[in-house]
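One-letter residues, chain by chain:
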Amino acid sequence: MKLFHQLCVCALAVAAGASTQDVFEPADFNVTEALIDNGINVSTIPALAGLAARSSLKGCSIACNSLKLVFGAAKVSSAAPTTYWSIQQLEVEPHCTFKPSTALDVSSLVLIARLTTCPFAVKSGGHAAFPGASSIEGGITVDMVNLNQRKLSTDKKTFTVGPGNRWKEVYDYLTPYNLAIVGGRAAYVGVGGLTLGGGISHHTNEYGLACDNIASYELVTASGIILTVSQKTFPDLYWALRGGGNNFGVITAFNYETLPQGLMFASKRQYNATYAPALFDAFGNAVEAAETDTKAAHFVAVAYSRGVKIASTEYEYFDPVDPANPPAILKQYLAVPPLTDNTRNCSLADTTPGLSQSMPDGFRTTMWSQSFKLNTELMKRMTDHLFKIAPGIPVGSPSVTFQAFSKPAIAAMQKKGGNALGLRPEDGPLFHALFYLSWTDEKDDKVVLKAAQDFLSASVAMAKELGAYNDYMYMPYSSPYQPVISGYGAENVARLNKVLKKYDPSGVFQDLQPGYFKLDGGAPYGQVV
Ligand SMILES: Cc1cc2nc3c(=O)[nH]c(=O)nc-3n(C[C@H](O)[C@H](O)[C@H](O)COP(=O)(O)OP(=O)(O)OC[C@H]3O[C@@H](n4cnc5c(N)ncnc54)[C@H](O)[C@@H]3O)c2cc1C
Ligand SMILES: *[C@@H]1O[C@H](CO)[C@@H](O)[C@H](O)[C@H]1NC(C)=O
Ligand SMILES: *[C@@H]1O[C@H](CO)[C@@H](O)[C@H](O)[C@H]1NC(C)=O
Ligand SMILES: *[C@@H]1O[C@H](CO)[C@@H](O)[C@H](O)[C@H]1NC(C)=O
Ligand SMILES: *[C@@H]1O[C@H](CO)[C@@H](O)[C@H](O)[C@H]1NC(C)=O
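The shown structure was predicted, so the numbers you read here are calculated from the model rather than taken from an experiment.

Caption draft 1: Highlighting helix 16 (residues 445-465). Taking 1.5 Å as the rise per residue, helix 16 with 21 residues should run 30 Å; its terminal C-alpha atoms sit 30 Å apart, in good agreement. The set of residues buried in helix 16 consists of Asp-445, Val-448, Leu-449, Ala-451, Ala-452, Gln-453, Phe-455, Leu-456, Ser-459, Val-460, Met-462 and Ala-463. Taken together, the buried residues of helix 16 touch strand 17 (364-373), helix 14 (376-389), strand 18 (399-405) and strand 19 (430-439). Residue Gly-467 follows helix 16 closely and has a positive phi angle near 70°.

Quick look at the structure:
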């Protein structure tokens, strides 16, 4: 009885083939009966019994008490998770925190949330930069920390990773096999949010984003069904998950395609900001050169750190490099004299602690993002503007990080049916700016957010003047004051909504899981006022 719900649907999916199963929630769907299929008899839970027939009461205390009764105190607590990157997320107080350890637990959670109409939020690594993204005031925070499996397939072609994992432990597991997956660059970022929003990796020029290199997802739908989603089984949903964020279900496992990766080259450098223009020129040339050499990754950042203007970079290459005789694509960069550098050959895993250290947890944070056509003049103007406004912003070191979406990277995003981001190779190459601020005092929230919004508007205006504007915003770096999904383009927004209607006709992941970027396309928090 317990597994009937899942087995029945899997059998159906297999028997029916790729696209003929098109009812994921019948019009007369009965949540109580779905819970019975999951082994939870609502009539035996006093608090839920009264809700079985009418499911309109908003009852997070009922939901949390019922979860405790069914799953025990080890999986349900009244305390919020303590492992958020941003202080604003840490300050959110859920009614309870649920820590599922199986996909079936997640299925029952979704159904109980529906029955009680108690809103929930899903948390993987907790690195989203704003409150309510993976936390929820008064609702159920679903902490995926115990879904932490790591399993290499027998043929070593795929690697199954639970959303309880962070990138360092993922790469550490693969290092002895000389393998990697396309994933994040910072040690403690979670696999969940990064992969669902895209996933910029050292390997992106060659392979595309993390979301472009998924063999399959294990996903819990709004009706509590557990699906294995691949391009073959559910191509429409597979496409939507490539950049669609948390709008389509809860992912209980990501099954990544592996790639060969041994020792690599890594270099993190700091420079006198007078070299910023030289670095931007090197950046532009390296973005173009990616068309003949996809093994390099690089970014340039500028920051105003306690009164000092600095530039910094990170370079990676798939193979070890002799800095005296580097591959052509890195030559111009490496010729710029640094103030500090830690050039080395190391494992992919060992490249990751650096980025987490340079963006530490424990601060109030905001991140804003925008893409532009490759234009080094715009990068210079944005830098000048940053240095002009920085002294007036009450934060430690406001920074802008410039990253490329090269032509080969965008081309790699088109494989296996493409992703939902709306980036076309003919529009490339593009670059992407991340504006990142961190501070400590809550009283500064408004003025900092306003400064960030103004900086972004000024950048967009400068870009339009130079003919370099591009709609797309990178979800994992975007603020809740930006209309991220709209930036995917009208056609993709319509297609995403069509997928939503099919897999989640009642809009459970839009209404009951309100946090983060939703398919109405709007900025979740409107404008900073
Ligand atoms: C220090 C630092 C370094 C970074 N480096 C990179 C980088 O190299 N490349 C890059 O692309 N981005 C990078 N980012 C951005 C990063 O991808 C986002 O912050 C991302 O949201 C983090 O994922 P998470 O799982 O830790 O976050 P969370 O806050 O846990 O999740 C973010 C969103 O995803 C949803 N979500 C998470 N897991 C699931 C799931 N299993 N099912 C359904 N929904 C889910 C959550 O509900 C939430 O809305 C970095 C961020 C920081 C702070
Ligand atoms: C659920 O529990 C009630 C009360 O104990 C019982 O009468 C009923 O048969 C149970 N239903 C199922 C499907 O087990
Ligand atoms: C759902 O199913 C339960 C158990 O079979 C039944 O008691 C209840 O009336 C049904 N609810 C709705 C809304 O149909
Ligand atoms: C950067 O270079 C300028 C011009 O040479 C010099 O005036 C300034 O002191 C340098 N700054 C640092 C931090 O070295
Ligand atoms: C990295 O490896 C290259 C190629 O083997 C070698 O020439 C270089 O010296 C190594 N770099 C360091 C810092 O050891």
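So that's the structure; there's more coming.
Caption draft 2: How the structure looks around the packing of aromatic side chains. Scanning the model with the defined rule gives 27 aromatic pairs in all. Plain terms: the ring middles of Phe-24 and Phe-234 are 5.7 Å apart, the flat faces sit at 75° to each other, and that makes the pair edge-to-face. Within this pair, whereas Phe-24 is found in the loop between helix 1 (4-16) and helix 2 (31-37), its partner Phe-234 is found in the loop between strand 9 (226-229) and helix 10 (235-241), the two being separated by 210 residues in sequence. Aromatic rings pair up to connect Phe-130, Trp-368, Tyr-481, Tyr-516, Phe-517 and Tyr-525 into one cluster. Between Lys-123 and the ring centre of Tyr-84, over which it is positioned, the NZ or CZ distance is 5.5 Å. Positioned above the aromatic ring of Tyr-469, the side-chain terminus of Lys-464 is 4.7 Å from the ring centre.

Caption draft 3: Structural detail: the pattern of salt bridges. Throughout the structure, instances matching the rule amount to 19 salt bridges. The partner of Lys-416 in a salt bridge is Glu-257, with the nearest N and O atoms 2.8 Å apart. Taken together, the residues span a long stretch of sequence, with Lys-416 in the loop between helix 15 (407-412) and strand 19 and Glu-257 in strand 10 (residues 250-257) at a distance of 159 residues. We note a salt bridge from Lys-380 to Asp-281, for which the minimum N-O separation is 3.6 Å. With Lys-380 in helix 14 and Asp-281 in helix 11 (residues 276-289), the pair connects residues that are 99 residues apart, well separated along the chain. On the accessibility criterion, Asp-281 (33% relative accessible area) is partly exposed. One network of salt bridges, in which partners are shared, links Glu-91, Arg-364 and Asp-445.

Caption draft 4: Inspection of the pairing of strand 8 (residues 214-220) at higher detail. Within strand 8, 5 of the 7 residues are buried, leaving the element largely enclosed by the surrounding structure. As defined by bridge partners, strand 8 adjoins strand 10 across 6 bridges and the pair is classed as antiparallel. From the neighbouring strand, Ile-214 faces strand 10, where its bridge partner is Tyr-256. As paired strands, strand 8 and strand 9 are joined by 4 bridges and run antiparallel to one another. Note that in strand 9 the partner of Tyr-217 across the bridge is Val-229.

Caption draft 5: Quick look at the layout of surface pockets. The computed volume of the second largest pocket comes to approximately 330 Å³. Lining the second largest pocket are 18 residues, with Gly-422, Leu-423, Arg-424, Tyr-488 and Asn-492 positioned closest to its centre. Partitioning the lining of the second largest pocket into residue classes produces 5 nonpolar, 9 polar and 4 charged. Residues lining the lining of the second largest pocket come from more than one domain, with at least three contributed by each of domain 2 (150-261 + 492-511) and domain 3 (264-487).

About the criteria used
- Residues numbered from 1 in each chain as written.
- Chains lettered and ligands numbered in written order.
- Predicted model: local features only at pLDDT ≥ 70, side-chain atom pairs only at ≥ 80, totals over all residues.
- Heavy atoms only, no water.
- Helix = DSSP H or I, 4+ residues; strand = E, 2+ residues; numbered from the N terminus.
- Expected span 1.5 Å × (residues − 1).
- Buried < 20%, exposed > 50% of the residue type's maximum accessible area, 1.4 Å probe, protein only.
- Contact = heavy atoms within 4.5 Å.
- Phe/Tyr/Trp six-rings, centres within 6.5 Å; stacked < 30°, edge-to-face > 60°.
- Lys NZ or Arg CZ within 6 Å of the ring centre and 35° of its normal.
- Salt bridge = Lys/Arg side-chain N within 4 Å of Asp/Glu carboxyl O.
- Pairing = 2+ DSSP bridges.
- 1 Å grid on protein atoms, 1.4 Å probe; cavity = no way out; pocket = protein on both sides within 12 Å on 5 of 7 lines; lining within 4 Å.
- Points joined across faces, edges and corners; volume = space filled by probe spheres on them.
- Nonpolar A, V, L, I, M, F, W, Y, C, P; charged D, E, K, R; others polar.
- Domains from an automatic or database assignment.

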